[in-house]
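What follows is each chain in one-letter form.
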Amino acid sequence: FFLLIKQPATSAAMILAMTSIIMYFVSGTRLLYIVSVAALIALILGVAVYVSPYRWNRVSAFLNPEQNLQTTGYQANQAKIAIGSGGIWGVGYGQSTTKIHYLPEPLHDSIFAVIAEEFGFIGSITLISLLLMLVLRIFLVARKVRDKFGQLLLVGFGSLIAIQSFVNIGAISGLLPLTGTPLPFISYGGTALVVFMTIIGISNNIARYSQ
């Protein structure tokens, strides 16, 4: 956690911390301990954001988007424009203009905005629904697993996919400060894709042999 903060990779540290807290809760840890750990993590993240100029600029851009349209808030603003341009049905596959001329990191951080522009509201809801179904499926398998370690591992995997998806989509949609978090299974990048495919492989293995 501290290494991720120092790297710096604030969003990754936050996702890891939230996933860990959920696993602690499911494992039966006393609520007082969980609340104490969550408060400590929130304090550390708050201090890290306050003392780091680039982190604070992102938070400022999120709180005051109109004042930072051409600077720290440029990517978030262009992402909103792309999402709005998609309408209900989208402009069509491969027809996005913002990904070519305006939107930074269209294949990584901003991939959801490109999907929303090309496939519209319907495509966006379909993608979110598929991710949600995957997470729910992992949780349902976790309920049936008799092995405690396997159960907690599945809860952690499902929580990680859910939280990281929410952080990416929320940041691009303007619900959260902008981060560099990839969208699971969708964003371009070999490492992230390998990690999440490994998670699915391990989940299938647990489901097959631990019931």
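Nothing here was measured: the structure is a model prediction, and the numbers come from that model.

### Re the pattern of salt bridges
Scanning the entire structure with this criterion turns up one salt bridge. One salt bridge connects lysine 99 with glutamate 118, and the closest N-O pair in it is separated by 2.9 Å. Taken as a pair, lysine 99 in helix H6 (residues 98–101) and glutamate 118 in helix H7 (residues 111–144) lie far apart in primary sequence, 19 residues in all. Glutamate 118 sits in the buried class, given a relative accessible area of 5%.

### Observations regarding the environment of phenylalanine 185
Mapped onto the fold, phenylalanine 185 is located in the loop between helix H8 (148–173) and helix H9 (190–209). For phenylalanine 185, a relative accessible area of 24% translates into the label partly exposed. The sequence separation of phenylalanine 185 and serine 165 amounts to 20 residues, and the corresponding C-alpha distance is 9.6 Å. Setting aside anything within four residues of it in sequence, one finds phenylalanine 185 in contact with Leu131, Leu134, Ile161, Leu193, Phe196, Met197 and Ile200.

### Quick word on the confidence of the model for the chain
Residue-level pLDDT values for the chain average 84, and 90% of them are 70 or greater. At the low end of the mean pLDDT range in the chain sits helix H1 (residues 2–6), at 62; at the high end sits H7, at 92.

### Description of H8
If you check H8, its first and last C-alpha atoms are 37 Å apart, about what 26 residues at 1.5 Å a residue would give, namely 38 Å. Within H8, 19 of the 26 residues are buried, which leaves it mostly tucked inside the rest of the structure. One or two residues past the end of H8 sits glycine 174, with phi positive at roughly 90 degrees.

### A short note on the side chain of serine 159
Mapped onto the elements, serine 159 comes out in helix H8. Here valine 155 takes part through its backbone oxygen, which lies 2.7 Å from a polar atom of the side chain of serine 159. When near neighbours in sequence (up to four residues on either side) are disregarded, serine 159 contacts Thr19, Ile22 and Phe139.

### Concerning the side chain of aspartate 109
If you trace the backbone, aspartate 109 turns up in the loop between H6 and H7. Of note is the side chain of aspartate 109, whose polar atom sits 2.3 Å from the side chain of histidine 108. The contacts of aspartate 109, once residues within four sequence positions are left out, are Gln75, Asn168, Ile172, Thr179, Gly180 and Thr181.

### As for the environment of leucine 183
With respect to the helices and strands, leucine 183 occurs in the loop between H8 and H9. For the pair formed by leucine 183 and asparagine 168, sequence separation is 15 residues and the distance between their alpha carbons is 5.8 Å. Sequence-distant contacts of leucine 183, defined by excluding residues within four places in its chain, comprise Ile111, Phe112, Leu127, Leu131, Ser165, Asn168 and Ile169.

### Here's the deal with helix H2 (residues 10–26)
With 17 residues, H2 ought to run about 24 Å at 1.5 Å a step, and its terminal C-alpha atoms sit 25 Å apart, in line with that. Note on H2: the residue one or two positions beyond its end, glycine 28, has a positive phi of about 95 degrees.

Definitions and cut-offs
Residues numbered from 1 in each chain as written. Predicted model: local features only at pLDDT ≥ 70, side-chain atom pairs only at ≥ 80, totals over all residues. Heavy atoms only, no water. Salt bridge = Lys/Arg side-chain N within 4 Å of Asp/Glu carboxyl O. Helix = DSSP H or I, 4+ residues; strand = E, 2+ residues; numbered from the N terminus. Buried < 20%, exposed > 50% of the residue type's maximum accessible area, 1.4 Å probe, protein only. Contact = heavy atoms within 4.5 Å. pLDDT = per-residue confidence, 0-100. Expected span 1.5 Å × (residues − 1). Polar contact = N/O pair within 3.5 Å; in protein donor to acceptor, adjacent residues only side chain to side chain.

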